[in-house]
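# Fold and geometry: a report
Residue strings, one per chain:
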Amino acid sequence: SVAAARETRAALESLRARGSTALYLPCDIKDEGDVMMAVNTIRGHFGRIDALIHAAGVLADKRIAEKTDAQFNLVFDTKVAGLHHLLQATRNDDLKVLCFFGSVAGRVGNPGQADYAMANETLESVAQHEAARRKSARVRVLHWGPWDGGMVTPSLRSVFKERGVPLIPVADGARMFVEAISDPTGPVSVVV
């Protein structure tokens, strides 16, 4: 948590040094009231909301038969209920971009990640629905492979290396993200 706090502060300072205004509002994405309060604060500060980027996720890897309901719900609800709360909170905003961070686990599976795969594939369905509903918005679901950072811990890094799965360098991932949401004719679903 100390390292995460330092990373957050450094990112905010970097944004501000480049002339951006940034707010950092931690909230429980699974709590509708918390999300609504954060979104209203952002709308009040900036006057409007143009983009929604949902990148929240947690892991609790175990075979589904060994997983508790609480573990399943934590993983699934962080992605799915979180997205629902964000969409509800921004339903009257004229969003130009909606981007959801999914995972290739939703496409090809991954041992111990049935809940995570289901949640990420649900993002796909929601993205397709939102794209049909919001004709003027760029709607993307990016099914990421593992990044070289974030949820990929040193032990996971070695698992991916054993499996021959390359990690996405952070700078490359950031560039691919910008390209995906900048392309007005790009596909809704992108596997990275």
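Since this is a predicted model, take the numbers as computed values, not measurements.

### A short note on the packing of helix α2 (residues 32-46) against helix α3 (residues 69-89)
- One can describe the packing of α2 onto α3 by two numbers: an axis separation of 9 Å at closest approach and a directional angle of 40°. Regarding the angle of α2 to α3, the classification is oblique. The way α2 lies across α3 gives a crossing that is right-handed. Each of Glu32, Val35, Met36, Val39 and Arg43 in α2 lies in contact with α3, whose residues at this interface are His85, Leu86, Gln88 and Ala89.
- For the contact of α2 with α3, the class distribution of residues is 5 nonpolar, 2 polar and 2 charged.

### A look at the nonpolar core
- In terms of nonpolar packing, the biggest core is built from 19 residues, with Leu52, Leu98, Phe100 and Val139 touching the most fellow members.
- Contributing elements (two or more residues each) for this core: α2, α3, β2 (97-103), α5 (114-133) and β3 (138-144).
- Considering each element in turn, this core owes the most residues, 4 residues, to α3.
- Beyond its immediate stretch of four places on either side in the chain, Phe100 contacts Leu52, His54, Leu83, Leu123, Val126, Ala127, Arg140, Val141 and Leu142.
- Core analysis: the next-biggest nonpolar cluster, separate from the first, contains 9 residues, Cys99, Trp144, Phe177 and Ile181 among them.

### Some remarks on the pairing of β3
- Counting buried residues in β3 gives 6 out of 7 residues, a clear majority hidden from the surface.
- Relative to β3, β2 runs parallel, the two being bridged by 7 bridges. Bridged to Ser103 within β3 is Trp144.

### Looking at the sheet that holds strand β4 (residues 189-191)
- As summarised here, the arrangement of the 4 strands in space is β1-β2-β3-β4, forming an open sheet in which the pairing is parallel. Of all strands in the sheet, those bounded by a partner on one side alone are β1 (51-54) and β4. Neighbour to neighbour, the strand axes of the sheet diverge by 15° on average, direction disregarded.
- Where β3 and β4 come together, 3 bridges link them in parallel fashion. Directly across from His143, in β4, lies its bridge partner Val191.
- Across the sheet, helix α7 (residues 170-182) is in contact with β1, β2 and β3; its angle to β3 comes to roughly 150°.

Calculation rules
Residues numbered from 1 in each chain as written. Predicted model: local features only at pLDDT ≥ 70, side-chain atom pairs only at ≥ 80, totals over all residues. Heavy atoms only, no water. Axes fitted to C-alpha atoms, helices over the stretch in contact; angles between N-to-C directions. Helix = DSSP H or I, 4+ residues; strand = E, 2+ residues; numbered from the N terminus. Parallel < 35°, antiparallel > 145°, perpendicular 65-115°, else oblique. Left-handed = near helix turned anticlockwise from the far one by under 90°. Contact = heavy atoms within 4.5 Å. Nonpolar A, V, L, I, M, F, W, Y, C, P; charged D, E, K, R; others polar. Core = buried A, V, L, I, M, F, W, Y, C linked by side-chain atoms within 4.5 Å. Buried < 20%, exposed > 50% of the residue type's maximum accessible area, 1.4 Å probe, protein only. Pairing = 2+ DSSP bridges.

Read these as layout, nothing more, since geometry by itself doesn't imply function.
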